[in-house]
Amino acid sequence: MKKDIQNLDDIKLMVDTFYDKVQNDDLIGPIFNGVIQNRWDEHLEKMYRFWQTILLEDYTYSGRPFPPHAHLPVDELHFKRWKELFSDVVYTHFEGKKADEAIWRADKMATMFLSKILYFRENNLNPLT
Ligand code: HEM
């Protein structure tokens, strides 16, 4: 039986495994690598803090998640792939309430990011002003 996500080591395993898959994905990998380039360590650190805040209620993240996504060349297909990779990774390693919550939260944020991106794009508005 698998365990649930319980501590920072679990978060690191989830984040490292997920972004490893992301970097090697033919659809979304190039988008991430194009923006992040040689700053992967910094991005991973930030994502540990993000998930630690959400799932462990240890408030180490204080950024604004949406702005870096505002102008990315992405649509529904990219978010679908992101969610597939994420739930594969989470359920490969974990099971339980926190694992389910991670998927649920990611799904809500993906829906929100995509609807904002499309709204601003379709209406020719700048999401960052
Ligand atoms: C196809 C979908 C996605 C793409 C291509 C994408 C790409 C990126 C990129 C390029 C960055 C900026 C890295 C940097 O310059 O430092 C970033 C940051 C981030 N992403 Fe995503 N992302 C996607 C979906 C998501 C989803 C669904 C979530 C929610 C769980 C998420 C959460 C975050 C967070 C929290 C940050 C850090 C924001 C900050 O700077 O504080 N992303 N993402």
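Throughout this document, residue positions are counted from 1 along each chain, in the order its sequence is written. Local features are withheld for residues below a pLDDT of 70 in this predicted model, meaning they are given only at 70 or higher, and side-chain atom pairs are given and counted only at 80 or more; totals for whole chains, interfaces and linings count all residues.

If you look the protein chain up in an unreviewed UniProt entry, it shows as Group III truncated hemoglobin from Paenimyroides tangerinum.

(A) Spatial organisation of the UniProt feature "binding site: heme" (unreviewed entry) in the protein chain. UniProt positions are given in the numbering used here, feature names are shortened, and annotations may be inferred rather than shown by experiment. Here the UniProt-annotated "binding site: heme" (unreviewed entry) positions come out as H43. Comment: elements are numbered from the N terminus, with helices defined as DSSP H or I runs of at least four residues and strands as E runs of at least two. Position of H43 among the secondary structure elements: in helix 3 (residues 40–56). Neighbour density around each residue's C-beta defines its exposure: 20 or more other C-beta atoms within 10 Å make it buried, 12 or fewer make it exposed, and counts between make it partly exposed, where C-beta atoms are placed from the backbone. Here H43 falls in the partly exposed class, since 15 other C-beta atoms lie within 10 Å of it.

(B) Looking closely at the nonpolar core. Counting 16 residues, the largest nonpolar core has I5, I11, M14 and F18 as the members making the most contacts within it. Among all residues touching I11, those that are not within four sequence positions of it are I5, Y48, W51, Q52 and L55. In this description, a nonpolar core means buried residues of the types Ala, Val, Leu, Ile, Met, Phe, Trp, Tyr and Cys, linked to one another by C-beta atoms lying within 7 Å. Contact criterion: two residues are in contact if their C-beta atoms, reconstructed from the backbone, are within 7 Å.

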